Amino acid sequence: MAEIADEPDQPSADPVESTVLLIEDDVSIRAFVRNRLEIDGYHVTEAASGEEGLEKLTPSTILVIVDVGLPGIDGFGVVRAMRRISRVPIVMMTAAADEGDRVFGLELGADDYIIKPFLPREMMARVRAAIRRGSPLQSASGSTEEPAAIVESDGLSIDPAAREALVDGVLLPLTAREFELLRFLAESPRQVFSREQLLRQVWEVEPGWLGTSTVTEHVHRVRRQLESHSGTTARIVTVRGAGYRFDPK
Ligand code: CA
């Protein structure tokens, strides 16, 4: 696999405290991925099975990369088990042919996927994006791509820097992707976005790689959270035949 000249990247968290947990039974793929992560300064913990991966998840894990095909508990089982106890960003590795695998993994709560065989550059872009979305703190290396403007809307407050959405000061328990979806819609109030646009903007994938039902599911979950709080009338509205929009009140 030819690697094009790649700029060195800054890990977005303290490398001493933070580790990437890599769960893959294939020794050569594991070594390849580990090597690429370490070039970028990440500390890597390896696991060769789902069981071992679950044991090695700690509070200092900033990202989990898990292969779908594992002996024993497979990648889906790992995602399901981790989501019961953790909001850590999870990226799945899957074979190109298995579109169903990608959709299933995301529905279980994985944040993203890498399709094998992958280019190191693409893998690292997805790794960095997943860590960034999952991190409550801005990169110490001074990333300028995140606008820090807080969106305030009738009791609802969305803070991109802290990655928190609050209603009258009460934190909404959103996953990283749910937060991104709410934030994206709220930044353009009353503007309608199609499911395909949301896949491109929030999931950073081309429609067709991922079913639009993933968007529908996430919208429903965010909507339920907003509606469960009387402190705000902000809503995500379905516009029949067109998509979704954020109504401030
Ligand atoms: Ca495997």
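My aim in this report is to walk through the structure given alongside it, one point at a time. From a predicted model like this one, the values you see are computed outputs, not experimental measurements.

## Some words on the overall build of the protein
Counting secondary structure elements, the protein contains 8 helices and 11 strands. Buried residues in the protein amount to 49% of all 249 residues. If you sum the accessible surface of the protein, you get close to 11,700 Å²; carbon and sulfur atoms cover 53% of it.

## Here we look at the coordination of the calcium ion
Bound to the calcium ion on the protein side are Glu24 (OE), Asp25 (OD), Asp67 (OD) and Gly69 (O), at distances that span 2.1 to 2.6 Å. Summarised as a motif, the one-chain spacing of the donors to the calcium ion is E-D-x41-D-x1-G. Judged by relative accessible area, Asp67 falls into the buried class, the value being 5%.

## Brief notes about the packing of helix α6 (residues 176–186) against helix α8 (residues 213–227)
Relative orientation of the contacting elements α6 and α8 amounts to 80 degrees, with a least axis distance of 10 Å. Our classification of the angle between α6 and α8 gives roughly perpendicular. For the pair α6 and α8, contact is made by Arg177, Glu178, Leu181 and Leu182 and by His218, Val219, Arg221, Val222, Gln225 and Leu226, respectively.

## Looking at helix α7 (residues 195–203)
Taken as a whole, α7 has its buried residues at Leu198, Leu199, Val202 and Trp203. Projection of α7 onto a plane perpendicular to its axis shows the buried side chains occupying an angular sector of 105 degrees, all on one side. Buried residues in α7 make contact with α6, α8 and β11 (243–247). Downstream of α7 by a residue or two, Glu204 has a phi angle that is positive, lying close to 60 degrees.

## Describing the sheet that holds strand β8 (residues 164–167)
The strand order across the open sheet formed by 4 strands is β6-β7-β8-β9, and the pairing between neighbours is antiparallel. The outermost strands of the open sheet, each flanked by one partner alone, are β6 (151–153) and β9 (170–171). Pairing geometry for strand β7 (residues 156–159) and β8, over 4 bridges, is antiparallel. Note that in β8 the partner of Asp159 across the bridge is Glu164.

## Digging into the packing of helix α3 (residues 75–85) against helix α4 (residues 99–108)
Between α3 and α4, the least distance of the axes is 9 Å, while the angle of their chain directions is 15 degrees. Compared by their axis directions, α3 and α4 come out roughly parallel. As α3 packs across α4, the resulting crossing turns out to be right-handed. Listed contacts from α4 to Phe76, Val79, Arg80 and Arg83 of α3 are Asp101, Phe104, Gly105 and Leu108. Tallied by class, residues from the contact of α3 with α4 come to 4 nonpolar, 1 polar and 3 charged.

Rules of the game
- Residues numbered from 1 in each chain as written.
- Predicted model: local features only at pLDDT ≥ 70, side-chain atom pairs only at ≥ 80, totals over all residues.
- Heavy atoms only, no water.
- Helix = DSSP H or I, 4+ residues; strand = E, 2+ residues; numbered from the N terminus.
- Buried < 20%, exposed > 50% of the residue type's maximum accessible area, 1.4 Å probe, protein only.
- Areas by Shrake-Rupley, 256 points an atom, 1.4 Å probe, with all protein chains shown as cover.
- Donors = N, O, S within 2.8 Å, 3.2 Å for Na, K, Ca; no water.
- Axes fitted to C-alpha atoms, helices over the stretch in contact; angles between N-to-C directions.
- Parallel < 35°, antiparallel > 145°, perpendicular 65-115°, else oblique.
- Contact = heavy atoms within 4.5 Å.
- Arc of directions from axis to C-beta.
- Pairing = 2+ DSSP bridges.
- Left-handed = near helix turned anticlockwise from the far one by under 90°.
- Nonpolar A, V, L, I, M, F, W, Y, C, P; charged D, E, K, R; others polar.

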